[in-house]
Amino acid sequence: MLRLPGKLSAEKFLADHWQKDYLFMPQALDRLRPAISRNELGWLATLDDVESRLVFTNRSDGRVRYHAETGPFDEEYLAALPKRDWTLLVHDVEKHLPAMRKLLAHVPFIPDWRIDDLMVSFAAPGGGVGPHQDNYDVFLCQGIGIREWHVAMGSVDEDPDASDDLALTEEFQGQQHTAREGDVLYLPPGVPHWGTATRACITYSIGMRAPQLSDLVAEFLNTDENNPFYSDSDLNPGEAQSGRISAHAVDRAVRLLGARPNQRAEVAEALGRYVTATKDWITPEGASTGDAAGILERLSQGASINVHGMARMAYDEHSIYLNGRQMPLPDRVDTFVSELCATRRIQGPLPAIGAIAEVVAWIAKSGGFALPET
Ligand code: SIN
Ligand code: CO
């Protein structure tokens, strides 16, 4: 877990900062491990199923402008980039390189289903994405190099001249923080910020996801014109159990939707499906019935099977959710499911509980396991 500054406990962080107030945490982490190199990040950005962007900073004519290009990029193009004023950003790194998932464990006081992805950026000196605000909470963990952050204390106007794909705000000074390796900046949604590399740097962003009203099922939609995000500024650390969507989380979704108490079960399922939904281009394929039987067979022989790096899994009181699908949670299986969410690995042989075999077969058919090459 990251080291919170002073005597701040996880409870106090959640009460005073989570979804409310930004926090710069010097030396919250030791050297970031596992780390990724500029070359590894560049290699990911050449792949078709990886979402990547390059943002260039143009400092001519006495004003700063930014423009973005989307990947995949040619290896030669990346190798020929200038010495300064660009940044390469790669999303969902932990899904492509499952070993990187370890970094997500630095925020154990946040329920894991709230985490969307690990985004990693490499910025050449002078590089950055420009002043902007995000809709989601983020923990920006500084790897090698140095980044100068600016965080606004209030709202900042949009930059009308910025291109639509970047949605930038006007430049502002705000509070400044120099981030070196191990420093972490926590930002709640909607806080304008920008960070420029003063020395080539790598930043690891643990970004959250939260459904918007319209992301949950259409039949619950009330007539309200605005479309607020799920929020949990009253989150307490007891809710952060591996894979578990707490009853409080469902209550919050019920309130967001203005649903009736008798619609609670449907709301819970809509929430579970949404938070485990995968992006189309990183959705693992489900196994055939034969492959699923093969997995059970291998487990019975004592093999271990890994959860697929791209799979998203969660459960609540009544259901298991995987990659946007739902299955009723059988009795006596919640501990098994919670451990699977925590370790992302099953060691055979399975306990002699029929319902566990049923759950494992369903997970296999829903694309939950990394199938060994045959
Ligand atoms: C980054 O450039 O790595 C951080 C992007 C951000 O400010 O959200
Ligand atoms: Co941002």
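Predicted model only: the values in this text are computed from it and were never measured.

Each value, and the rule that gives it
- Numbers given for residues are sequential positions, taken from 1 along each chain in its written order.
- Lettering of chains starts at A and numbering of ligands starts at 1, both following the order in which they are written.
- In keeping with the predicted nature of the model, local features appear solely for residues at pLDDT of at least 70, side-chain atom pairs appear and are counted solely at 80 or more, and the whole-chain, interface and lining totals rest on all residues.
- Values shown for side chains rest on all heavy atoms present in the structure; no hydrogens or waters enter the calculation.
- Per the convention used, a helix needs a DSSP run of H or I reaching at least four residues, while a strand needs a run of E reaching at least two, with both numbered from the N terminus.
- With the radius of gyration taken over C-alpha atoms, the globule rule is written as 2.2 Å times the number of residues to the power 0.38.
- Between buried and exposed lies partly exposed: a residue is buried under 20% and exposed over 50% of the maximum accessible area for its type, with that area taken using a 1.4 Å probe on protein chains only.
- The contact definition used throughout considers only heavy atoms, calling two residues in contact when any of these lie within 4.5 Å.
- Pairing between two strands requires that DSSP report at least two bridges joining them.
- In a helix, the anticipated span is given by 1.5 Å times the number of residues less one.

1. Description of the overall build of the chain
Stage number 1. The helix and strand inventory of the chain stands at 9 helices and 16 strands.
Stage number 2. For 374 residues, the compact-globule formula gives about 21 Å, and the C-alpha radius of gyration of the chain, at 22 Å, lands near that figure.
Stage number 3. Viewed in the frame of its principal axes, the chain has a C-alpha envelope of about 70 × 50 × 40 Å.
Stage number 4. Considering the chain as a whole, with its 374 residues, one finds that 51% of them fall into the buried category.

2. Brief notes about the environment of Leu-271
Stage number 1. Relative to the helices and strands, Leu-271 resides in helix 6 (residues 264-276).
Stage number 2. Taking the relative accessible area as the measure of exposure, Leu-271 reaches 0% and is therefore buried.
Stage number 3. A sequence separation of 17 residues divides Leu-271 from Val-254, and the C-alpha atoms of the two residues are 9.6 Å apart.
Stage number 4. Leaving out residues up to four positions away in the same chain, Leu-271 has contacts with Pro-211, Leu-216, Ile-245, Ala-249, Val-250 and Ala-253.

3. Some remarks on the pairing of strand 2 (residues 52-58)
Stage number 1. For strand 2, the buried fraction is high: 5 of the 7 residues fall into the buried class.
Stage number 2. Two elements, strand 2 and strand 4 (residues 86-90), share 5 bridges in a ladder whose sense is antiparallel. By the bridge assignment, Phe-56 is partnered in strand 4 with Trp-86.
Stage number 3. Pairing geometry for strand 2 and strand 3 (residues 65-70), over 6 bridges, is antiparallel. Of the residues in strand 3, the one forming a bridge with Val-55 is Ala-68.
Stage number 4. Here strand 2 hands over to strand 3 after 6 residues, with Asp-61 in that stretch at a positive phi of 60°.

4. Thoughts on helix 9 (residues 354-365)
Along an α-helix, a turn takes 3.6 residues, which lines up residues three or four apart on a common side.
Stage number 1. Over its 12 residues, helix 9 extends 17 Å from the first C-alpha to the last, a length consistent with the 16 Å expected when each residue adds 1.5 Å.
Stage number 2. Of the residues one or two after helix 9, Gly-367 is the one with positive phi, at around 85°.

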